[in-house]
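Letter by letter, the chains look like this.
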Amino acid sequence: MAIDDPSHQGEQDFVLINNSTFFIRDVQGYIDFFPVRKAIQEGKITFNQDGTPNNLPDDLQVQFRAIAYALQLVQKIRARPTSSPLEITYWSATPYRMGNHAIKFSVVPHTIGQSFNPESAIDKSNYLREAMTKHLASKDAYFDFKIQLQTDASKMPIEDPIVAWDEQESPYIKVATIKIPRQDFNTEERKQLDEKQSFSPWHSLLEHQPLGGVNRARKIYIELANIRNKINQGNT
Ligand code: HEM
């Protein structure tokens, strides 16, 4: 195990997002990002039409400049429509070990039949569960699990997850097929089970352990999941 946690021996969680890169370069960037985001949400930072900041509080000047690139990346990621969680591609965004190699991984859906149309949803503001329920009521879902080998340490850095590893240089290779069997997905029992789940890149075999500073910061998931589960238990 990459961490000493007997309750997750032999397990490997694969935590992915719907973008090939992360939106923040390093841990300091993550620390700087949140006060800036909060100030934007509270209207303390506003923007001109060309995207430059209109008013920028003095105490956020340094942080804002340091993470301005991240605001653009977040906007790009959020603007991308998701028809169904079973119909989009996911990426690890950060690197992992595979024996003596570094890899990133990706999960690509098989598109079978018609895509879910969010416009047809009963609740358009919260349609992802409905999309999965409909899909799995009638058919299995399949994804290809692919890995991308790091073939050039400087062009494919471990320490900067906003850099996409060039797919011409190192194409993704399919190593497995994921099958999610047809099922009744939208049950109370299932929802309760989901609430108790916690995933972490550090639920990992040593051979596949997370690499790089951003991934190291993610050891925090385990602690936070414990706190979240305790709060949830208190609320039931
Ligand atoms: C500085 C780096 C990062 C920090 C501090 C961070 C922090 C967190 C925290 C605190 C959670 C909630 C954990 C829980 O309550 O169970 C979380 C969840 C999550 N993070 Fe990150 N994160 C980081 C980087 C990343 C990266 C690079 C990815 C790319 C795959 C990512 C993807 C996710 C996903 C998919 C979840 C939801 C997991 C779930 O459903 O349990 N994060 N993150």
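**Q** Can you help me understand the site of the ligand in this one?
**A** Taken together, the neighbourhood of the ligand is formed by 15 residues, with Tyr30, Arg218, Tyr221, Leu224 and Arg228 sitting nearest. A distance of 3.5 Å separates a nitrogen atom of the ligand from a polar side-chain atom of Arg218. Among the secondary structure elements, those contributing two or more residues to the shell around the ligand are helix 5 (213-217) and helix 6 (220-235). A total of 4 residues in the shell around the ligand trace back to one element, the largest contributor, which is helix 6. The class makeup of the residues in the shell around the ligand is 11 nonpolar, 2 polar and 2 charged.

**Q** Looking at this structure, how should I read the nonpolar core?
**A** Of all hydrophobic cores here, the largest spans 19 residues; its most connected members are Phe23, Ile24, Phe33, Val36, Ile45 and Ile67. Those elements that place two or more of their residues in this core are helix 1 (27-41) and helix 2 (61-79). Looking at which element gives the most residues to this core, the answer is helix 2, with 7 residues. Counting residues domain by domain, this core receives three or more from each of domain 1 (6-19 + 80-235) and domain 2 (23-79). The residues touching Ile45, leaving out its near neighbours within four places in the chain, are Val36, Ala39, Ile40, Pro53, Asn55, Leu56, Pro57, Leu60 and Phe64. Formed by 14 residues, the second largest nonpolar core is a distinct cluster that contains Ile88, Leu136, Phe145 and Ile147.

**Q** For this particular structure, what's the right way to read the coordination of the iron atom of the ligand?
**A** A four-donor tetrahedral metal ideally has 109.5 degree angles, and a six-donor octahedral metal ideally has angles of 90 or 180 degrees. A lone protein donor contacts the iron atom of the ligand, and this donor is Tyr221 (OH), found at 1.8 Å. Positionally, Tyr221 belongs in helix 6.

**Q** Would you take a moment to explain the side chain of Ser106 for this structure?
**A** When you line up the elements, Ser106 lands in strand 5 (residues 101-109). By relative accessible area, which is 2% here, Ser106 ends up buried. Setting aside residues up to four positions removed in sequence, Ser106 forms contacts with Leu16, Thr89, Tyr90, Trp91, Asp144, Phe145, Lys146 and Tyr172.

**Q** Any chance you could explain the domain arrangement of the chain here in plain terms?
**A** One widely used convention gives an interface's size as the accessible area the parts lose upon coming together. As assigned here, the chain comprises domain 1 (6-19 + 80-235) and domain 2 (23-79). A straight line from the C-alpha centre of domain 1 to that of domain 2 covers 26 Å. Residue-level contacts link 11 residues of domain 1 with 11 residues of domain 2. Among the residues domain 1 hides against domain 2, the three largest losses belong to Asn19, Arg80 and Ile162. Together they make up 60% of the total.

Quick notes on the rules
Residues numbered from 1 in each chain as written. Predicted model: local features only at pLDDT ≥ 70, side-chain atom pairs only at ≥ 80, totals over all residues. Heavy atoms only, no water. Near = heavy atom within 4 Å. Polar contact = N/O pair within 3.5 Å; in protein donor to acceptor, adjacent residues only side chain to side chain. Helix = DSSP H or I, 4+ residues; strand = E, 2+ residues; numbered from the N terminus. Nonpolar A, V, L, I, M, F, W, Y, C, P; charged D, E, K, R; others polar. Core = buried A, V, L, I, M, F, W, Y, C linked by side-chain atoms within 4.5 Å. Buried < 20%, exposed > 50% of the residue type's maximum accessible area, 1.4 Å probe, protein only. Domains from an automatic or database assignment. Contact = heavy atoms within 4.5 Å. Donors = N, O, S within 2.8 Å, 3.2 Å for Na, K, Ca; no water. Buried area = accessible area lost by both parts, 1.4 Å probe.

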